[in-house]
Amino acid sequence: MAAPTLIPAAEPQAGILTDSHGRSIHDLRVSITDRCNYKCIYCRTGNSGAQFPELGIEEYLRLIRLFVSLGITKVRLTGGEPLLRRGLLDLIRELSALRTLSGDKLDLALTTNGHLLEDLAQPLKDSGLSRITVSMDAVEEAVFERITRVPGSYNSVLRGIRAAKQAGLGPVKINCVLLRGFNDSQVEAFAHFARSENVIVRFIEFMPLEEDRLWSPAIVVGLDEILDRIRRILPIVELPRHDASETARRYGFADGSSTAQAEIGIIAPVTNAFCGACSRIRLTSDGKIRTCLFSQAEHDLYGRMQTGATDAELMRYIANTVQRKEGRHHIGEPEFLKPSRSMVHIGG
């Protein structure tokens, strides 16, 4: 394969990363480990464990600093399960001291399965974390523990969510990926959970990203169906998006009895694709840039760092890679190909 054409070797100027489709890229997601402490029955990691290595904390920090110097304003740490990562609090402490090009603090968030969150919520907040999202695919104890295959996991996660709220890591978001015939019975229970726990519950349409489960449109529980089912039990009203690149359609409770932060979100990449406003770039646990969840190619940023590339050279490589970001995904189209990694190995 021919080497990619690089941006001319002048010193890069600080500025906003923009792709060839005119989109501003300001949201970086970084997987800091491929390990996980759950054995979820729909997830290949539950069977075979981590498949990709992880960098040192200082190495992640160097790379993230370069992205921020190029205009990144939001950094989300993911995994695997990021709370397993030794040095996590040190990494967050260093990242919280960074400033965006406008001089503001980074919007610094983390996605976790929540199992270890009860004891770490306050230390995470004290280290500088802004917000937290918990991946939670059921709200009924028996269903949840059947999915995770870890006894006591539901109550551990529930305590973690409450600890995160107490620590001020809110509004706490709960992400639920719905699969028909698997956990779609949880929609109504999650709507009540959002109000009783004063959290944002976000339903995510199932995408063809996993290695061990065949995807078809019939498995997808779509936006319209989710809304219809919730509206049968609770009055909801659509809310404006926070910004144009926000992935979730937002809905509040309209009966006047909801708590301040309770909300429903629906992320619908299959039935209502939002690629045109995409602002994201991803860095895998082993230091490769992915320009889209469905990319067939990866871009080895860490490999260049290992061979002695300067910060200026790495910044040029990042900018050139972002320029080649895909225009959209092709889910459901004849030419669609599954990505080169499953979701758990890319980072949530």
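See the structure shown above.
Residues numbered from 1 in each chain as written. Predicted model: local features only at pLDDT ≥ 70, side-chain atom pairs only at ≥ 80, totals over all residues. Heavy atoms only, no water.

Some points on the sheet that holds strand β14 (residues 299-300)
Sheet strands pair by backbone hydrogen bonding; their relative direction is either parallel or antiparallel.
Turning to step 1, where the next piece is worked out: Taking strand neighbours across the sheet as the criterion, the 12 strands line up as β9-β10-β11-β8-β7-β6-β5-β4-β3-β12-β13-β14 in an open arrangement whose pairing is mixed. Looking at which strands have only one partner, the edges of the open sheet turn out to be β9 (236-239) and β14.
Turning to step 2, where the next piece is worked out: As judged from the 4 bridges shared by strand β5 (residues 107-112) and strand β6 (residues 131-135), these two strands associate in the parallel manner. Directly across from Leu 110, in β6, lies its bridge partner Ile 132.
Turning to step 3, where the next piece is worked out: Contacting β3 (27-31), β4 (74-78), β12 (280-283) and β13 (288-290), helix α2 (residues 57-69) runs over the sheet at an angle of about 170° to β3. (Pairing = 2+ DSSP bridges. Helix = DSSP H or I, 4+ residues; strand = E, 2+ residues; numbered from the N terminus. Contact = heavy atoms within 4.5 Å. Axes fitted to C-alpha atoms, helices over the stretch in contact; angles between N-to-C directions.)

Things to note about the packing of aromatic side chains
Turning to step 1, where the next piece is worked out: Taken as a whole, this structure holds 4 aromatic pairs when the rule is applied.
Turning to step 2, where the next piece is worked out: Pairing Tyr 38 with Phe 144 gives two aromatic rings, centres 6.4 Å apart and planes at 80°, and the pair type is edge-to-face. Here Tyr 38 is found in the loop between β3 and α1 (45-48), whereas its partner Phe 144 is found in helix α5 (residues 141-148), with 106 residues between them in sequence.
Turning to step 3, where the next piece is worked out: Three or more aromatic residues link up through ring pairs in this structure, and these residues are Tyr 38, Phe 144 and Tyr 154.
Turning to step 4, where the next piece is worked out: Taking NZ or CZ as reference, Arg 146 lies 5.9 Å from the ring centre of Phe 182, over its face.
Turning to step 5, where the next piece is worked out: The ring of Phe 253 is capped by Arg 195, whose NZ or CZ atom sits 5.1 Å from the centre of that ring. (Phe/Tyr/Trp six-rings, centres within 6.5 Å; stacked < 30°, edge-to-face > 60°. Lys NZ or Arg CZ within 6 Å of the ring centre and 35° of its normal.)

What to know about the pairing of strand β7 (residues 173-178)
Turning to step 1, where the next piece is worked out: Burial of β7 is extensive: 5 of the 6 residues sit out of reach of the surface.
Turning to step 2, where the next piece is worked out: Pairing analysis gives 3 bridges linking β6 to β7, with the strands arranged parallel. Residue pairing across strands places Thr 133 opposite Lys 173, the latter belonging to β7.
Turning to step 3, where the next piece is worked out: Bridge count between β7 and strand β8 (residues 200-205): 6 bridges; the pairing is parallel. (Buried < 20%, exposed > 50% of the residue type's maximum accessible area, 1.4 Å probe, protein only.)

Remarks on the packing of α5 against helix α6 (residues 153-167)
Turning to step 1, where the next piece is worked out: Direction vectors running N to C along α5 and α6 enclose 105°, while the axes themselves pass 8 Å from each other. The orientation of α5 with respect to α6, classified from their angle, is roughly perpendicular. Taking contact as the criterion, the partners of Glu 141, Phe 144, Glu 145 and Thr 148 in α5 are, on α6, Ser 153, Tyr 154, Asn 155 and Val 157.
Turning to step 2, where the next piece is worked out: Counted by class, the contact of α5 with α6 contains 3 nonpolar, 3 polar and 2 charged residues. (Parallel < 35°, antiparallel > 145°, perpendicular 65-115°, else oblique. Nonpolar A, V, L, I, M, F, W, Y, C, P; charged D, E, K, R; others polar.)

In short, geometric facts, not functional conclusions.
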